[in-house]
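Examination of the molecular architecture
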Amino acid sequence: MSKSLSDRVVEAQSLVKRFGAVTALDGLDLSVRTGEIHGFLGPNGAGKSTTIRALLGQLRLSSGSVAVFGQDAWRHAVDIHSRLAYVPGDTMLWPNLTGGQCIDLLGGFHGAMNRTRRDELVERFDLDPTRRFRTYSKGNRQKVALVAALACDVELLVLDEPTSGLDPLMEAVFQAVVTERSASGTSVLLSSHILAEVETLCDRLTVVRAGRATFTGSLSQLRSSAATAVDVVTPTAIPGLEHVTGVSRLRSQTEPRGHRTTLLAQAAALPTVLTTVGAARPLQVTVHPPSLEQLFLDQYTEQETDDGGEPR
């Protein structure tokens, strides 16, 4: 059953934003449901940050509409900002203040900072809050912004490449904290190019390319429409696979152990493929769903082909 508008904290429809001759957004749709972690996936220049600026009320659209908490993002930006916290991909704050002072000032903008959680997050992120902000590395600057946002009792977290500069240990802390906030009912929009981060955290995701959404749905929905990879070693070549509808990227080569065949099979083709492979008396079989990275690349390849050209 489809969600009503009241179940969405963000509802963006047909967003268009032009900067002179450059079209940054070209009819993009985006919705974030209440309580979910929604991944916003795409490379630099795809339109993610422009979309986020629009929903934060920081720029006026050429056309389209953005509602956050049911309110127009441009006209009601002040009210909306009192109910959300935002972390950009690179944080530049007051250079002469300490990290702790910056956290408290940012929290004061929202008026909803949980002091106990703030102190706990400072410890979990291994941040020295007594150092002046100008002395921090990029990773520590991000920690300041993350602690300030995650310590606030807000309804929506807008995170734009939030782990930029963090080491793997701190990325793990970030993922744990975001999971905890989501479990408490906070909605999250996570813009990221780190596919493993999206795969670990997100309930649904939107893939964006050239200012347009190419896919919106759950990871399982994305995978259900994608091909399964099959890698098999048999004593001799497997006949007939090239005639099976739904098989692609079929490769076959002779090896010292026998004959290796690799392919991609759509869901409808998989039973026939496995039956054919089984009849060839396989020595080794590996079957696995595509990774999020492969799904992401496939979305871009399909879109480029649909645009009328060869995949680039």
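All values reported here derive from a predicted model rather than from experimental measurement. (Residues numbered from 1 in each chain as written. Predicted model: local features only at pLDDT ≥ 70, side-chain atom pairs only at ≥ 80, totals over all residues. Heavy atoms only, no water.)

**Remarks on a nonpolar patch on the surface**
Put simply, the test is: The patch calculation keeps residues exceeding 30% relative accessible area without a salt bridge and links them within 9 Å when they carry like charges or within 5 Å when they are nonpolar (Val, Leu, Ile, Met, Phe, Trp, Tyr). In these tables, accessible area is a Shrake-Rupley quantity obtained with a 1.4 Å probe, and a residue counts as shielded only by the protein chains included in the view. What counts as a salt bridge is simple: a side-chain nitrogen of Lys or Arg found within 4 Å of a carboxyl oxygen of Asp or Glu. Only DSSP runs of H or I covering at least 4 residues are called helices, and only runs of E covering at least 2 are called strands; the numbering of each starts at the N terminus.
On the surface, Trp94, Leu105 and Phe109 cluster together to form a nonpolar patch covering roughly 300 Å² of accessible area. Counting through the fold element by element, Phe109 comes out in helix α3 (residues 99–110).

**Considering the pairing of strand β10 (residues 212–218)**
For the record, the criterion: The criterion for strand pairing is that DSSP finds at least two bridges linking the strands in question.
Here strand β9 (residues 204–209) runs beside β10; their pairing, made up of six bridges, is antiparallel. Considered in β10, the bridge of Val208 is made with Ala213.

**Comments concerning the pattern of salt bridges**
Inclusion rule: Relative accessibility thresholds used throughout: buried, under 20% of the residue-type maximum; exposed, over 50%; partly exposed, between the two (1.4 Å probe, protein chains only).
This model, assessed by the stated rule, comprises 16 salt bridges. Between Lys48 and Glu161 there is a salt bridge, with its nearest N and O atoms 3.9 Å apart. In this pair, Lys48 is assigned in helix α1 (residues 48–55) and Glu161 in the loop between β7 (156–160) and α6 (168–183), connecting sequence segments 113 residues apart. Classification of Lys48 by relative accessible area gives buried; the value is 6%. The buried category is assigned to Glu161, whose relative accessible area is 13%.

**What to know about the confidence of the model for the protein chain**
The condition is simple: pLDDT is a residue-level measure of predictor confidence that goes from 0 to 100. Residues count as neighbours in contact if any of their non-hydrogen atoms are within 4.5 Å of one another.
Per-residue confidence for the protein chain gives a mean pLDDT of 89, with 90% of residues at or over 70. Per-residue pLDDT stays below 50 along residues 308–312; that stretch engages in six contacts with residues further than four places along the chain or on separate chains.

**What about the side chain of Gln175?**
Counting through the fold element by element, Gln175 comes out in helix α6. Since its relative accessible area comes to 18%, Gln175 is described here as buried. Residues within four places of Gln175 in sequence aside, it is in contact with Glu197, Thr200 and Leu201.

**Quick word on the sheet that holds strand β13 (residues 258–265)**
Sheet strands pair via backbone hydrogen bonds, and the direction of the pair is either parallel or antiparallel. Where we set the bar: Helix axes are fitted only over the stretch in contact, all axes being lines through C-alpha atoms; the angle between N-to-C directions runs from 0 to 180 degrees.
Read from one edge to the other, the open sheet built from four strands follows the order β12-β13-β11-β14, with strand pairing classed as antiparallel. The open sheet has two edge strands, β12 (247–255) and β14 (284–288), and neither has a second partner. Each neighbouring strand pair of the sheet contributes to a mean axis angle of 10°, computed without reference to strand direction. Judged from the five bridges that link them, strand β11 (residues 228–234) and β14 form a sheet pairing that is antiparallel. Along β14, the bridge assignment pairs Asp231 with Thr286.

**Some thoughts on the sheet that holds strand β4 (residues 63–68)**
An order of β2-β1-β4-β5 is seen for the four strands of this open sheet, with the pairing classed as antiparallel. Because the sheet does not close on itself, it has two edges, and the strands there are β2 (22–33) and β5 (71–72). Here β4 pairs with β5 via two bridges, running antiparallel. Each residue of the ladder has a partner; that of Ala67, found in β5, is Asp72.

**Digging into the pairing of β2**
Two strands pair when backbone bridges link them, and strand β1 (residues 8–19) and β2 are joined in this way by nine bridges, in the antiparallel orientation. Counted as the bridge partner of Leu15 is Leu28 from β2. Between the end of β1 and the start of β2, which pair antiparallel, lie two residues, with Gly20 showing a positive phi angle near 65°.

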